[in-house]
Structure formats: C-alpha cells, structure tokens
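Working through the structure, step by step
Below are the chains, spelled out letter by letter.
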Amino acid sequence: MSGTQVDFYVMGAADPRARLTTACRLAEKAFEQGLRVAVRTSSPSETAELDELMWTFSDRSFVPHAVWPAEPAVAEATPVLIASGALPDSHSGALINLAAEPPAEPARYARVCEVVGGDEDSKKRARQRWRAYRDAGFAPTMHEL
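A brief report on the enclosed structure follows. (Residues numbered from 1 in each chain as written. Predicted model: local features only at pLDDT ≥ 70, side-chain atom pairs only at ≥ 80, totals over all residues. Heavy atoms only, no water.)

**Notes on the nonpolar core**
What counts here: We define the nonpolar core as a collection of buried residues of types Ala, Val, Leu, Ile, Met, Phe, Trp, Tyr and Cys that are connected through side-chain atoms lying within 4.5 Å of one another. Using a 1.4 Å probe on the protein chains alone, a residue whose accessible area is under 20% of its type maximum counts as buried, one over 50% counts as exposed, and one in between counts as partly exposed. Per the convention used, a helix needs a DSSP run of H or I reaching at least four residues, while a strand needs a run of E reaching at least two, with both numbered from the N terminus.
Val37, Val39, Leu50, Met54, Val80, Ile96 and Leu98 are the most contacted members of the largest nonpolar core, which has 22 residues in total. Looking at this core, the elements with two or more residues in it are helix H1 (16-32), strand S2 (37-40), helix H2 (44-56), strand S4 (80-83), strand S5 (94-97) and strand S6 (111-116). Among the nonpolar cores identified, the runner-up in size contains 16 residues, and Ala38, Val112, Val116 and Ala126 belong to it.

Written as structure tokens, this is what we have:
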C-alpha cells in the first residue's frame, strides 16, 4: 500500500470553469501548506487557460506558478508548475490532475488530487481512474463539491 493520499473532487455542475477554479484553489491550499505542486492539464490550451486563471481566480491571494517546461532557475524558485505533459520530480508534494488518465507514477507524489467535471463523460473517466488507483493499491477518497 502506498503512502500517497488520493482524493477525487467531483463538481456538482458541468461547468468547465468551476473545474479549473477548483484546481486553482487546491494549488493555493497546497502552496499555503508549503508543498511544491504539479498541475497536470489535459492539453496545452487548458494549460494556458489555467495559467491565466491562476492570476485572476481570487482577488485576495497570489499563487506563484509557471508553465513547465521552464528555465531550471525559474522551476526551482516556483512552487507551482503547470503542464500538459510530464512534470519534474522536484514538484512532488501534490499533483493536481486534470487529465483524462491517471499519472504514470502516482506514488511519487505525497498527494494526488483528481478534479472531476460534473458532466457524465468526466465522471465516467473518473470512475476508470478510481479503479486504476484502487487496483494499484491506493485508497481513494471522494469529495462532492
């Protein structure tokens, strides 16, 4: 059994923006806890949208972030990295997964946060990821938002 904590955050409505805003809030919370965070998106366009949203989702906070790949000095100094592809090992405190499939090596993260849209297709893919985690020895937890 892995020591990785896996949590699924399921949106109540099929609003894609709510899913990205939830990812921002999770990144903010992990950053406030001193974790180095990787955010895995489903596409380069979702990476760009999330990068923009990280600047504006809250008027009371700022989440220092960068899009990966970045210059090594930038990546080292930035607590939150966003990418649609592989992310560096340096940011393994938490993974926020927005991609349709689970990460290749979830055990390398202390926490994995799966953010699930409220539409049926997203929920179907989330059930497949849930089974994959469970079959790999993880004990996922669900949170309905």
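Next comes the rest of the account.
**What about the environment of Gly12?**
Looking at the secondary structure, you find Gly12 in the loop between strand S1 (5-10) and H1. When the C-alpha atoms of Gly12 and Glu52 are compared, they prove to be 24 Å apart, with 40 residues separating the residues in sequence.

**Observations regarding the pairing of S6**
For clarity, the threshold we go by: Strand pairing is assigned whenever DSSP detects at least two bridges linking the two strands.
The buried fraction of S6 is high, at 6 of 6 residues. Residues Arg111, Cys113 and Val115 point to one face of S6 and Val112, Glu114 and Val116 to the other, with burial holding for every one of them. Here S1 pairs with S6 via 6 bridges, running parallel. Bridge pairing in S6 places Tyr9 opposite Val115. Sheet topology places S5 next to S6; 4 bridges connect them, and they run parallel. The residue bridging Ile96 from the neighbouring strand is Cys113, located in S6.

**Description of the pairing of S4**
Rules: Here a crossover is taken to be right-handed if, once the strands point away from the viewer, the path from the first strand over the helix to the second is traced clockwise.
With burial as the criterion, each face of S4 is covered, one bearing Val80 and Ile82 and the other bearing Leu81 and Ala83. Inspection of the sheet shows S2 paired to S4 by 4 bridges, in the parallel sense. Residue pairing for S4: Val39 is matched across the bridge by Ile82. Looking at chain direction, strand S3 (residues 65-67) and S4 are connected through 3 bridges and run parallel. Looking at the pairing, Val67 lines up with Ile82 of S4. On the question of chirality, the crossover connecting S3 to the parallel S4 by way of helix H3 (residues 72-77) is right-handed.

**Thoughts on the packing of aromatic side chains**
Put simply, the rule is: When the centres of two rings from Phe, Tyr and Trp lie within 6.5 Å, Trp using its six-membered ring, the rings pair. Their planes under 30 degrees apart give stacked, over 60 give edge-to-face, and anything left gives tilted.
If you walk through the whole model with that rule in mind, you get 4 aromatic pairs. Considering the side-chain rings of Phe8 and Tyr133, the 5.9 Å spacing of their centres and the 85 degrees angle between planes classify their relative orientation as edge-to-face. Taken together, the residues Phe8 in strand S1 and Tyr133 in helix H4 (residues 120-135) connect sequence positions 125 residues apart. With respect to class, Phe8 is no different from Tyr133; both count as buried. A centroid spacing of 5.9 Å and a plane angle of 90 degrees characterise the contact between Tyr133 and Phe138, whose relative ring orientation is edge-to-face. Taking the relative accessible area as the measure of exposure, Tyr133 reaches 1% and is therefore buried. On the accessibility criterion, Phe138 (7% relative accessible area) is buried. An aromatic cluster is built from Phe8, Trp130, Tyr133 and Phe138, whose rings are joined through pairwise contacts.

**With respect to the environment of Ser84**
Note the threshold: Contacts between residues were defined by any pair of non-hydrogen atoms, one from each residue, lying within 4.5 Å.
By the element assignment, Ser84 lies in the loop between S4 and S5. Residue class for Ser84 comes out partly exposed when judged on its relative accessible area of 32%. When near neighbours in sequence (up to four residues on either side) are disregarded, Ser84 contacts Thr41, Ser42, Ser43, Pro44 and Thr47.

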